[in-house]
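Geometric and topological summary
Here is how the chains run, residue by residue.
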Amino acid sequence: MGLKVYISGKLVDKENAKISVFDHGFLYGDGVFEGIRAYNGKVFKMQEHIDRLYNSAAAIELAIPVSKEEYAAAIEETLRANDLKDAYIRAIVSRGIGLLGLNPRICENPEVVIITDSIALYPPELYENGLELVTVSTVRNHPNALDPRIKSLNYLNNILAKIEGLNAGVMEAIMLNTRGCVSECTGDNIFIVKDAELATPPRSAGILEGITRGVVMDLAREHGIPAAERDLTRYDLFTADECFLTGTAAEIIPVIKIDGRQVADGKPGPIVRRLLESFKKLTRG
Ligand code: PMP
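Residues numbered from 1 in each chain as written. Predicted model: local features only at pLDDT ≥ 70, side-chain atom pairs only at ≥ 80, totals over all residues. Heavy atoms only, no water.

Focus: the pattern of salt bridges
A complete count under the given rule lists 14 salt bridges for this structure. Where Asp 218 meets Arg 221, a salt bridge forms, and the shortest distance between an N and an O atom there is 3.2 Å. Of this pair, Asp 218 and Arg 221 are both found in helix α6 (residues 211-223), 3 residues apart, which corresponds to roughly one turn of the helix. We classify Asp 218 as partly exposed; its relative accessible area is 36%. One network of salt bridges, with partners in common, ties together Arg 37, Glu 251 and Arg 284. (Salt bridge = Lys/Arg side-chain N within 4 Å of Asp/Glu carboxyl O. Helix = DSSP H or I, 4+ residues; strand = E, 2+ residues; numbered from the N terminus. Buried < 20%, exposed > 50% of the residue type's maximum accessible area, 1.4 Å probe, protein only.)

Here it is, written out as structure tokens:
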């Protein structure tokens, strides 16, 4: 039995999971999405993801045609139909079919899509040995242009930064904002540890407020590790004791090199290891 995809109330075979080329999601990246995980049959932080999806939609004046409860139920239904317990879930709402002009008011029926799949885990060595990053010249979208808090289908800003990272031979790239402060990576938030204190860029740095980022802040509180949201510069990255990334897919990944410079002794530090262990317990019981 092949994979089933949810499209606006119907479960269809993967081969038939198609959206019109006139959908403004395709024509203009006009839509919103979420990346969610299920662990052992339970959707992790479902409410937080649903809330963020509806906030993203509200920010672009996109009315999702189903209630939050219906959306959550549709995610559960799609997981069941695919018999998935550990899964990566992609929830999408696109503006719907319109004309070739920009006008979103002409698009009448937003499409609600849910894709669930078995999760392709990052290689375990990455968690053991850490990741190498570079800072790139593509500046993170200014919040007054396209606020990074909106998880929109227009990810070109991130893709351009990702290309720079790939061209430099690394898997993730650090983006700075228009003030030159650190914002985030192309699909992950960033943290440093300095003098036994955690620090991560604040909302005002122009970031997507990651749900994993929030979980890590909670875990730090539980462990009695002080954690601050404050502006970070490249100086802070270069002089950090530890560095790591957080994201739904990546979970928590240690960083051991930035712009060719080793972070501290070049090995994942004790605090990131502790947080990773607690995160595993939280998600896998
Ligand atoms: N920043 C960006 C740009 C992202 O795309 C993601 C992944 N959704 C994150 C941060 C991490 O957010 P979360 O922990 O909610 O997955």
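A look at the site of the ligand
As a matter of local geometry, the ligand sits amid 18 residues, with Lys 151, Tyr 155, Glu 184, Thr 212 and Thr 248 nearest to it. Between the ligand and Glu 184 there is a distance of 2.6 Å, counted from a nitrogen atom to a side-chain nitrogen or oxygen. Here an oxygen atom of the ligand and a backbone polar atom of Ile 211 are 2.7 Å apart. For the ligand, whose accessible area on its own is 390 Å², the fraction buried by protein is 95%. In this structure, the ligand is accommodated by the largest pocket. Listing elements by their share of the shell around the ligand, those giving two or more residues are β9 (182-185), α6 and β13 (242-247). (Near = heavy atom within 4 Å. Polar contact = N/O pair within 3.5 Å; in protein donor to acceptor, adjacent residues only side chain to side chain. Areas by Shrake-Rupley, 256 points an atom, 1.4 Å probe, with all protein chains shown as cover. 1 Å grid on protein atoms, 1.4 Å probe; cavity = no way out; pocket = protein on both sides within 12 Å on 5 of 7 lines; lining within 4 Å. Sits in = over half its atoms within 2 Å of the grid points.)

What to know about the sheet that holds strand β4 (residues 42-43)
Neighbouring strands of a sheet are bound in pairs by backbone hydrogen bonds; such pairs are parallel or else antiparallel. The antiparallel open sheet is built from 6 strands, whose spatial order is β2-β1-β6-β5-β3-β4. Here the strands that pair on one side only, and so sit at the sheet edges, are β2 (10-13) and β4. Bridge count for strand β3 (residues 31-39) against β4 is 2 bridges, and the pairing is antiparallel. Across the sheet, residue Ala 38 finds its bridge partner in β4, namely Val 43. Against the sheet, helix α3 (residues 68-81) touches β1 (4-7), β2, β3, β4, β5 (87-94) and β6 (111-118), its axis set at about 40° to β6. (Pairing = 2+ DSSP bridges. Contact = heavy atoms within 4.5 Å. Axes fitted to C-alpha atoms, helices over the stretch in contact; angles between N-to-C directions.)

Keep in mind these numbers describe shape, not what the thing actually does.
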